[in-house]
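Reading the structure
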Amino acid sequence: SVQDRPEPSKAVLLEPLVPGRYFRKSQTRHRMPELHERLQNFFGTTYTIERELGGGGMSRVFLAEERALGRKVVIKVLPPDMAAGVNRERFELETQLAASLQHPLIVPILTAGSAAPTEPDLLYYVMPFIDGLALRERIDREEIGRAHV
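Residues numbered from 1 in each chain as written. Predicted model: local features only at pLDDT ≥ 70, side-chain atom pairs only at ≥ 80, totals over all residues. Heavy atoms only, no water.

**Some points on the sheet that holds strand β7 (residues 119–128)**
Let me state the cut-off plainly: At least two DSSP bridges between two strands are needed for those strands to be called paired. Counting from the N terminus, the helices are the DSSP runs of H or I reaching at least four residues and the strands are the DSSP runs of E reaching at least two. Only the contacting stretch of a helix is used when fitting its axis, a line to C-alpha atoms as for every element, and angles between N-to-C directions run 0 to 180 degrees. We call two residues contacting when some pair of their heavy atoms lies within 4.5 Å.
Spatial strand order, β3-β4-β5-β7-β6: 5 strands in an open sheet with antiparallel pairing. Unpaired on one side and paired on the other, β3 (47–56) and β6 (111–115) mark the two borders of the sheet. Taking each pair of neighbouring strands and ignoring which way they run, the sheet shows an average axis angle of 25 degrees. Summarising the sheet, strand β4 (residues 59–66) and strand β5 (residues 71–78) pair through 7 bridges and their orientation is antiparallel. When the bridges of β5 are listed, Ala64 appears paired with Val73. Each of β4, β5, β6 and β7 is contacted by helix α2 (residues 86–100), which is oriented at about 25 degrees to β7, the strand it contacts most.

In structure tokens, the structure reads:
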């Protein structure tokens, strides 16, 4: 009924971030440009940050272009507001673990670090960008059997 609908000013608009995942427009207007700009300021001419691909849990993922080599990369970031205590330790452990893996079917880490001295709580790592569906989406579409994962 008309009474059950929220007022237009209070309606929540959703739009796709990654196929199958949605986010609130109001959240991205306020938080993405700030972190996007901070990353671009830190990386300067090394990378051009293009857009946010997604995020979850404790990190956010951005698509960028590595200018010197003209290739697309993904920059995974632990935002400063999430960098306290356990989150920082988990992100650093994830980075070290991922960097230690070497297999033709595992995307390698190209570089990792923090945006110190200007932003010591902004941790990141960079990986090559692989275009296509995420592994979870391929499994859900039954393009890859669970036994092969």
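Moving on from the model shown.
**Points about the packing of aromatic side chains**
Stated precisely, the cut-off is as follows: Under the pairing criterion, centres of Phe, Tyr and Trp rings, with the six-membered ring standing for Trp, must be within 6.5 Å; the plane angle then separates stacked pairs below 30 degrees from edge-to-face pairs above 60, leaving the rest tilted.
Scanning the entire structure with this criterion turns up 5 aromatic pairs. Cluster of aromatic residues (ring-pair linked, three or more members): Phe42, Phe43, Tyr47 and Tyr124.

**Some details on the confidence of the model for the chain**
Worth spelling out the cut-off: Note: pLDDT gives the predictor's confidence per residue, expressed from 0 to 100.
When pLDDT is averaged along the chain, the result is 76; 74% of the residues meet or exceed 70. Across the chain, the element-wise mean pLDDT spans from 39 in strand β1 (residues 14–18) up to 94 in β5. In the predicted structure, residues 1–33 sits below a pLDDT of 50 and forms 31 contacts with residues beyond four places in sequence or in another chain.

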